Amino acid sequence: MEKVEKKIERVITALRDRREPDRVPLGDFYWTEFLNRWREKFNLPPDTDIYEYYDLDVKVISPNMDPKVESCQIIEETSEYVVFKSGFGCTVKKMFAAPMPMFLDFEVKSADEFAKFTFDDPRDDRRYFDKRCDIINCGDSFGTIESYAEAIENNKNKFCIFGSICEPHETMWRIRGTEGLLLDLALFPDKVKEFAIRCTDFMLGIAERQIELAKPVGMVIWGDVAYDKGMFFSPRLWQDIYFPCVKRICDFLHEKDLIIVYHGCGRSLEIMENLIEAGIDAYNPLEAKAGMDPVELKKEFGDRLSFWGGIDTRLLGYGTWEEIEKEALYKLQAARGGGYMPASDHSVASNVDPLIYDRLISLLKEKGKYPIEPIA
């Protein structure tokens, strides 16, 4: 197990300083179904940590950031699924055989109800010291995991730790529903803007307490505002409603000397300049199907922005090893000069062969040493 100080130095050099460390840093996100298959394939104990097994550099650890601390109240449970109400007020159905939850209903039915929505104290000790069963941490695998404080204690001497919070759109769609929120953005932008400010206040409280308790190296801002063809709504609305909130978050985190990673799925190129202006240091996950190619993005934004992700998980699920090797070596070209951390372009899903993933990690460690070899 490599010393944590070296991992922290590697991540800071690559993502914040945009210079070349000794090798590219590594970190990723995993669906529970993949982790179960991976442990079974390699005959590993059920508590084996994939980050420790591969001695990865970055690990994101998050507290319970649901608006209501009392999360995941079970409504119905069978051997095949569970229906629960989350701390965001949404009613969710989780099929145990499926990777992601289905959102059935939302507590807030109109923009008029935003003003009545209340947030529990972001500093409530239960968020940080009780076991977690919240939708952000356990969304793809309903259950209970160790507390935030326990997770920090168990990992702080092993990995470069990042925390996380949600930007306001990510917070609000879980409260109002995607369709309802998109309608509200078009019809009642002022009410959405007012609620976005309150959501930002709440998440800044979550960020502040994480920093007090653990002082992570960085913070991931979850913020899906696009799909594979482009933005969910006009860039003008994002600039008017969400940009001031994201900038407030970035200003606060930079005051605390944290690296800021914005996690936005889909093709969000229309707001990339705005995100840079807001202050993000790195962008993740770079979905391949959305054309978010880290090599091309590096050419356009690499003097001002780092990148994390981009390896096409469709190939990891269905491609040949030759195709996967070609993909990985090409994406590693974005690491030349620093500013790139290779990883999956979303999360490592259940369809990924654990043996193929094992080979990929070995390849990235071998070929990710500096200087990065050019490809023909």
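Relevant structure appears above.
Scoring rules and cut-offs
The written sequence of each chain sets the order in which its residues are numbered from 1. In keeping with the model being predicted, local features are shown solely for residues with a pLDDT of at least 70 and side-chain atom pairs are shown and tallied solely at 80 or more, while totals for entire chains, interfaces and linings include all residues. Note: side-chain values were computed over all heavy atoms of the structure, leaving out hydrogens and water. Only runs of H or I of at least four residues qualify as helices and only runs of E of at least two qualify as strands under DSSP, and these elements are numbered from the N terminus. With the radius of gyration taken over C-alpha atoms, the globule rule is written as 2.2 Å times the number of residues to the power 0.38. Relative accessible area decides the class of each residue, using a 1.4 Å probe on protein chains only: under 20% of the type maximum gives buried, over 50% gives exposed, and in between gives partly exposed. Should DSSP find at least two bridges between two strands, the strands are taken to pair. Every angle, taken between N-to-C directions, lies between 0 and 180 degrees, and every axis is a line fitted to C-alpha atoms, over only the stretch in contact when it is a helix. Any two residues whose heavy atoms approach within 4.5 Å are treated as being in contact. Any residue with relative accessible area above 30% and no salt bridge may belong to a patch, with like charges joined within 9 Å and the nonpolar Val, Leu, Ile, Met, Phe, Trp and Tyr side chains within 5 Å. To measure how exposed things are, a 1.4 Å probe is used in the Shrake-Rupley method; for residues, cover is taken only from the protein chains shown. Within this document, salt bridges are pairs made up of a side-chain nitrogen of Lys or Arg and a carboxyl oxygen of Asp or Glu, the two lying within 4 Å of each other. In summary, the pairing rule links any two rings of Phe, Tyr or Trp, Trp by its six-membered ring, whose centres are within 6.5 Å, and it sorts them by plane angle into stacked for under 30 degrees, edge-to-face for over 60 and tilted for everything else. Over a ring means this: the NZ of a Lys or the CZ of an Arg is within 6 Å of the ring centre and within 35 degrees of the ring normal. If an angle is under 35 degrees, it is roughly parallel; if it is over 145, roughly antiparallel; if it lies from 65 to 115, roughly perpendicular; otherwise it is oblique. Each helix crossing is assigned a hand: it is left-handed if the near helix lies turned anticlockwise from the far helix by less than a right angle, otherwise right-handed if that turn is clockwise. Amino acid classes used here: Ala, Val, Leu, Ile, Met, Phe, Trp, Tyr, Cys and Pro are nonpolar; Asp, Glu, Lys and Arg are charged; the rest, including Gly, are polar. Among the buried residues, those of types Ala, Val, Leu, Ile, Met, Phe, Trp, Tyr and Cys that are joined through side-chain atoms within 4.5 Å form a nonpolar core.

### Let's talk about the overall build of the protein
No. 1: The helix and strand inventory of the protein stands at 15 helices and 13 strands.
No. 2: Since a compact globule built from 376 residues should have a radius of gyration of about 21 Å, the 20 Å found for the protein is in line with a globular shape.
No. 3: Counting only C-alpha atoms, the protein reaches 60 × 45 × 40 Å along its principal axes.
No. 4: Here the protein holds 376 residues, and the buried ones make up 57% of them.

### Considering the sheet that holds strand 1 (residues 58-60)
No. 1: Read from one edge to the other, the open sheet built from seven strands follows the order 1-6-7-10-11-12-13, with strand pairing classed as parallel. The open sheet is flanked by strand 1 and strand 13 (340-344), the only strands paired with a single partner. Strand after strand, the sheet turns through a mean of 25 degrees between neighbouring axes, direction not considered.
No. 2: As paired strands, strand 11 (residues 282-284) and strand 12 (residues 306-311) are joined by two bridges and run parallel to one another. Bridge assignment links Tyr283 to a residue of strand 12, and that residue is Phe307.
No. 3: Helix-sheet contacts for helix 12 (residues 294-301) involve strand 12 and strand 13, and the interaxial angle to strand 12 is about 160 degrees.

### A word on the pairing of strand 5 (residues 102-105)
No. 1: Pairing between strand 4 (residues 91-95) and strand 5: three bridges, direction antiparallel. Across the sheet, the residue bridging to Val92 is Phe103, located in strand 5.
No. 2: Taking the residues between adjacent antiparallel strands as the criterion, strand 4 and strand 5 are bridged by six residues.

### Looking at a nonpolar patch on the surface
No. 1: A cluster of nonpolar side chains, Leu183, Leu187 and Phe188, forms an exposed patch at the surface whose accessible area comes to about 300 Å².
No. 2: Note on placement: Leu187 falls in helix 8 (residues 178-187).
No. 3: For Leu187, a relative accessible area of 57% translates into the label exposed.

### Points about the packing of aromatic side chains
No. 1: Per the counting criterion, the structure on display carries 26 aromatic pairs.
No. 2: Measuring from centroid to centroid gives 5.5 Å for Phe34 and Tyr357, while their planes differ by 75 degrees, and the two rings are edge-to-face. Of this pair, Phe34 sits in helix 2 (residues 32-41) while Tyr357 sits in helix 15 (residues 354-367), placing them 323 residues apart in sequence. The two residues Phe34 and Tyr357 agree in class, both being buried.
No. 3: Relative to Trp173, the ring of Phe103 has its centre 5.1 Å away and its plane inclined at 70 degrees; by these criteria the two rings are edge-to-face. Residue Phe103 is found in strand 5, and its partner Trp173 is found in helix 7 (residues 168-176); the two are separated by 70 residues along the sequence.
No. 4: A network of ring pairs unites the aromatic residues Tyr30, Phe34, Trp38, Phe42, Tyr51, Tyr53, Tyr54, Phe159 and Tyr357 as a single cluster.
No. 5: Above the face of the Phe88 ring, Arg174 is positioned so that its terminal group lies 5.8 Å from the ring centre.

### What about the pairing of strand 2 (residues 73-77)?
No. 1: Both strand 2 and strand 3 (residues 81-85) contribute to a ladder of four bridges, which runs antiparallel. Looking at the pairing, Glu76 lines up with Val83 of strand 3.
No. 2: As consecutive antiparallel partners, strand 2 and strand 3 are separated by three residues.

### Details of the environment of Gly309
No. 1: Tracing the backbone through its elements, the reader meets Gly309 in strand 12.
No. 2: Sequence separation of Gly309 and His263 is 46 residues, and the distance between their C-alpha atoms is 9.9 Å.
No. 3: Residues within four places of Gly309 in sequence aside, it is in contact with Asn284, Pro285, Leu286, Pro294, Tyr340, Met341, Pro342, Ala343 and Ser344.

### Remarks on the sheet that holds strand 4
No. 1: The four strands lie next to each other as 2-3-4-5, forming an open sheet whose pairing is antiparallel. For this open sheet the edge positions go to strand 2 and strand 5, each flanked by a neighbour on one side alone. Across the sheet, the mean angle separating the axes of adjacent strands is 30 degrees when strand polarity is ignored.

### Some thoughts on the pattern of salt bridges
No. 1: In the structure shown here, the tally under the stated rule is 33 salt bridges.
No. 2: With a closest N to O distance of 3.2 Å, Asp17 and Arg16 form a salt bridge.
No. 3: Residue class for Arg16 comes out partly exposed when judged on its relative accessible area of 34%.
No. 4: We note a salt bridge from Asp184 to Arg176, for which the minimum N-O separation is 2.7 Å. For the pair shown, Asp184 and Arg176 are each scored as buried.
No. 5: A network of salt bridges, in which partner residues are shared, links Glu2, Arg10, Asp22, Arg23 and Asp57.

### Description of the packing of helix 9 (residues 189-214) against helix 10 (residues 235-255)
No. 1: Contact geometry for helix 9 and helix 10: axes closest at 10 Å, N-to-C directions at 15 degrees. If you check the angle between helix 9 and helix 10, you find them roughly parallel. In the packing of helix 9 onto helix 10, the handedness of the crossing is right-handed. Across from Pro189, Val192, Lys193, Ala196, Ile197, Thr200, Asp201, Leu204, Ala207, Glu208 and Ile211 in helix 9, the residues of helix 10 making contact are Leu237, Asp240, Ile241, Tyr242, Cys245, Arg248, Ile249, Phe252 and Leu253.
No. 2: Its residues assigned to classes, the contact of helix 9 with helix 10 comprises 14 nonpolar, one polar and five charged.

### Re the nonpolar core
No. 1: Core analysis: the largest hydrophobic core is formed by 120 residues, its most contacted members being Trp238, Tyr242, Leu253, Tyr283 and Tyr357.
No. 2: In this structure Tyr357 touches Asp28, Tyr30, Phe34, Ile50, Tyr54, Val348 and Val352, once residues within four positions along its chain are discounted.

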